[in-house]
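Notes for the structure review
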Amino acid sequence: MRIKKLSDSGVKLMQGNEACAAGALAADCRFMAGYPITPATEIPEYLSSRMFAAGGVFMQMEDELASINAVIGASWGGARAMTATSGPGFTLMQEALGYAAVTETPLVVINVMRGGPATGQPTCTSQDAVMQARYGGHGDYEIIALAPSSVQEAFDFTVRAFNLADKYRVPVFVLSDETVGHTREKLLIPESVEIFDDEYQGVCREYFKPDENGVPPRIRFFQGHDVLVDGQLHDQRGIRAGTDPAVCAQAIRRYCGKILDHIDDISSVEKFFPEDAETLVIAYGSVSRSALSAVRRARDEGMKVGMLKLNTVWPVPEKEIRAACAGAKRVIVPEMNVGEYLREIQRIAGCDKVQGFSSIGGVFPAPKAIYEKIAEVT
Amino acid sequence: MKIEIDSQWCKGCALCVRACKKGVLEIGGERSRGGYLMPFAKNPGACIGCRMCERSCPDVCISVSRE
Amino acid sequence: MNSTAEKYIRKEALPFIFCPGCGHGIVVNSFLRVIDKLGIGKNQMGLVSGIGCSSWSPVYLQFDCLHTLHGRALAQAEGLKAVNPDKTVVVFTGDGDCAGIGGNHLIHAAKRNVDITVIMMSNYIYGMTGGQRAPTTPYGAITKTSPLGNEEHPFDLFRLVTGAGATYYARASATHPIQLDKAIEEGMKHKGFSFIEVLSPCPTTAGRNIFSFKTPSEMYDWYESQVAVLKPGQTEAPDGKIGLGILYMNNERAELCSVQAEKKEVARNEN
């Protein structure tokens, strides 16, 4: 890790989408390709001039297919690269995200979630792409997803997303949503940020040979490696091996293992009132702010309520969820979908104990609504 | 002229035989590693070194050089 | 292996996936001669391809290579080029990959006039999947998915690609390797979006299975009878034949990477 001083540090008033974009620039992202889509459009708008000023390139592509593929090309070209999108755009990107996973291409996608399916609710908030982020493409692979709940986290998590992408050579998603994206509030841009900058020394001929952590080195084009990148399953030299069961099975296990074996390093959660919680609320993204407000009110009224806030949703922070649920009699999972991540919590803590609190149709769950749910079950 | 045909990669397509306007090459009885009947220089004295056989080889396995 | 190939082939990736007599190998052969002549060094060139037989071409070359998804070669090439404007980027693609599933990227890359050389190997069918109709398949032609004769007309790629904004268009044929070298060489020297359409016979799924040619040579003879080398300034061959040569070159239209470099300067000065 290298420490990078930021010239624009200090307190700002900024929108979540702008904070993602500012975080990307702070993290040395030097290529963005995107296609306008509500509610993510402020991100390409913000970067359309600033990326050039930073010495990078912004490209508005013909569609989301082109956007994500251009990002893959730029990433191998040596740049930290990203795109930003929402609902239908994220759906279009899934094939290339699978490609990025098997070619172990570091990149960042900001998904400012809106209501679906299809065109759905373009201007309304949602968390209905949580499962899609994990299972969107065909094939078995793991990705990393962070869920910011505020403008500050939009900035901070985006910086971290780039570091995780390079460290694990994997696509990383920032699962923002319309609420976070369009909230304008205080942002403290720090004095400096950490940048993961491990460079491979010498000439690499085994581009997909894992180190002791299961991760191949972060190599780039034009450095003498003659890298061979192939979407067909391949051996460590990048040579196609689609008909070799042993090589393919090993490769798939490694794509999953390099993430799942490092859940502790990747995971980030925050615990609130863990000491005596009989009712536990588990939330992520914008909903976690509403949930925390509801939990505080319930505690003020004497209810034994706690909360677990998930800053990373993929890979599942299983250990923390299990520990937090162990002492609780009941668990509530408020989400802006019909109950997607709920299934993960139920898998870990059991269906008897865990219930969802679903808010759909583009309605952000107010603290009062979550409070009433807590009061009802406690 | 010396015409070398790489028996490791030749697929016996005979496009080199077709490309040669001087009738230097012909498919013979020898097989390449892949099991294809390979061309050979039956009439090397007629070769003018135009390299059309080399250029027309889809498996880049023909070399024409001066002896 | 010929001496030029010896210098550039990624030996562990051999043998070529191509069937005996496949035109794509002749294109690779020609490409190697051109880069050797132009002296394009290691670390100076990135190769990008899509999916299909022709898209395997760069995989066998000892250069940085992105073998991408079906249709997406141009999009990845544009990202690669954008952050490495001083490097040469070449796209190897087929008619289905480029003009079918990748058609939208094709017209937009041409519109941008980004400095990428595209070598599109056209065999008028989907070869890898066994000979189905492609966007280039002639009207009325029999394929595995047009057994009654192609109901659709093929793209006029010359008009499509130059109309979209490409600044170099050449047509070549695997039956004419000297003209093929020339088409690739001039395309690589040209700064802007260079498109080289190469007639590349598919002797197996098209030749043997559809047209009943017994040997690759028979098919190449037929191809040769259908083409004519154009005279300078001509864009169409007489007698309804397919014209080979450099059909279009334009050095006036601004190239994308140069414009992006100017924008960087402007933006830096404004900040």
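Computed from a prediction, not measured in an experiment: that's the story for all the values here.

**Some words on the layout of surface pockets**
Residues and elements named next belong to chain C. Quantified by volume, the largest pocket comes out at close to 810 Å³. Along the walls of the largest pocket sit 34 residues, with Tyr-124, Pro-154, Arg-171, Glu-197 and Ile-242 positioned nearest its centre. Secondary-structure elements contributing two or more residues to the lining of the largest pocket are helix 6 (157-164), strand 8 (194-199), helix 9 (216-226) and strand 10 (242-249). Counting residues per element, the lining of the largest pocket draws most heavily on helix 9, at four residues. When grouped by side-chain class, the residues that make up the lining of the largest pocket number 19 nonpolar, eight polar and seven charged.

**Some points on empty space enclosed by the protein**
A complete count under the given rule lists four cavities of 30 Å³ or more for this structure. One number sums up the size of the largest cavity: a volume of about 80 Å³. The wall of the largest cavity is formed by 14 residues, among which Cys-10, Cys-13, Ala-14, Cys-16 and Cys-57 of chain B lie closest to the centre. Split into classes, the residues belonging to the lining of the largest cavity amount to eleven nonpolar, one polar and two charged. Its boundaries defined by the atoms lining it, the second largest cavity holds a volume of some 40 Å³. Considering the residues around the second largest cavity, the lining is formed by Gly-71, Arg-72, Ala-73, Leu-74, Thr-93, Asp-97, Cys-98 and Gly-102 of chain C. In terms of residue class, the lining of the second largest cavity is made up of three nonpolar, three polar and two charged.

**Observations regarding the interface of chain C and chain B**
Taken together, the 25 residues of chain C in the interface contact 19 residues of chain B. On the chain C side of the contact with chain B, Met-1, Asn-2 and Pro-20 of chain C bury the most area, a combined 25% of that side's loss. One can count three salt bridges joining chain C with chain B. A salt bridge links Asp-221 of chain C to Arg-18 of chain B; the nearest nitrogen and oxygen atoms lie 2.6 Å apart. Across the contact surface, chain C and chain B share eleven residue pairs in polar contact (both at pLDDT 80 or more). Among the secondary structure elements, those contributing two or more residues to the side of chain C that touches chain B are helix 1 (3-8), helix 2 (23-38), helix 7 (177-189) and helix 9 of chain C. With five residues, the top contributor of residues to the side of chain C that touches chain B is helix 9 of chain C.

**Notes on the domain arrangement of chain A**
All names here are of chain A. Annotation of chain A at the domain level lists domain 1 (2-195) and domain 2 (269-377). Between the C-alpha centres of domain 1 and domain 2 there is a distance of 26 Å. The partner domain 2 presents 23 residues to the 28 residues of domain 1 that form the contact. Summed over both sides, the interface between domain 1 and domain 2 buries roughly 2,000 Å², with carbon and sulfur atoms accounting for 55% of that surface. A per-residue breakdown of the area domain 1 buries against domain 2 is headed by Gln-127, Met-131 and Ser-149, which together make up 31% of the total. In this structure, the connection of domain 1 to domain 2 is made through two salt bridges. Here Arg-289 and Glu-185 are joined by a salt bridge, their closest N and O atoms 2.9 Å apart. Linking domain 1 with domain 2 are 15 residue pairs in polar contact (both at pLDDT 80 or more). Secondary-structure elements contributing two or more residues to the side of domain 1 that touches domain 2 are strand 7 (121-125), helix 6 (130-135), strand 8 (144-146), helix 7 (151-168), strand 9 (171-177) and helix 8 (178-182). Element by element, the count of residues in the side of domain 1 that touches domain 2 is highest for helix 6, at five residues. Residue classes in the side of domain 1 that touches domain 2 are distributed as 15 nonpolar, seven polar and six charged.

**Notes on the interface of chain A and chain C**
Often the size quoted for an interface is simply the accessible area lost on bringing the parts together. Taken together, the contact pairs 43 residues of chain A with 40 residues of chain C. Roughly 3,400 Å² of surface becomes buried between chain A and chain C when both sides are summed, with 61% attributable to carbon and sulfur atoms. Per-residue buried area on chain A facing chain C is highest for Glu-62, Phe-222 and Asp-226 of chain A; these three make up 22% of the total on that side. In this structure, the connection of chain A to chain C is made through two salt bridges. For the salt bridge of Arg-112 of chain C with Glu-62 of chain A, the shortest nitrogen-to-oxygen distance reads 2.6 Å. Of all the secondary structure elements, the ones that give two or more residues to the side of chain A that touches chain C are strand 3 (29-34), helix 2 (42-53), strand 4 (57-60), helix 3 (64-76), helix 5 (94-102) and strand 12 (228-230) of chain A.

Parameters at a glance
- Residues numbered from 1 in each chain as written.
- Chains lettered and ligands numbered in written order.
- Predicted model: local features only at pLDDT ≥ 70, side-chain atom pairs only at ≥ 80, totals over all residues.
- Heavy atoms only, no water.
- 1 Å grid on protein atoms, 1.4 Å probe; cavity = no way out; pocket = protein on both sides within 12 Å on 5 of 7 lines; lining within 4 Å.
- Points joined across faces, edges and corners; volume = space filled by probe spheres on them.
- Helix = DSSP H or I, 4+ residues; strand = E, 2+ residues; numbered from the N terminus.
- Nonpolar A, V, L, I, M, F, W, Y, C, P; charged D, E, K, R; others polar.
- Contact = heavy atoms within 4.5 Å.
- Buried area = accessible area lost by both parts, 1.4 Å probe.
- Salt bridge = Lys/Arg side-chain N within 4 Å of Asp/Glu carboxyl O.
- Polar contact = N/O pair within 3.5 Å; in protein donor to acceptor, adjacent residues only side chain to side chain.
- Domains from an automatic or database assignment.

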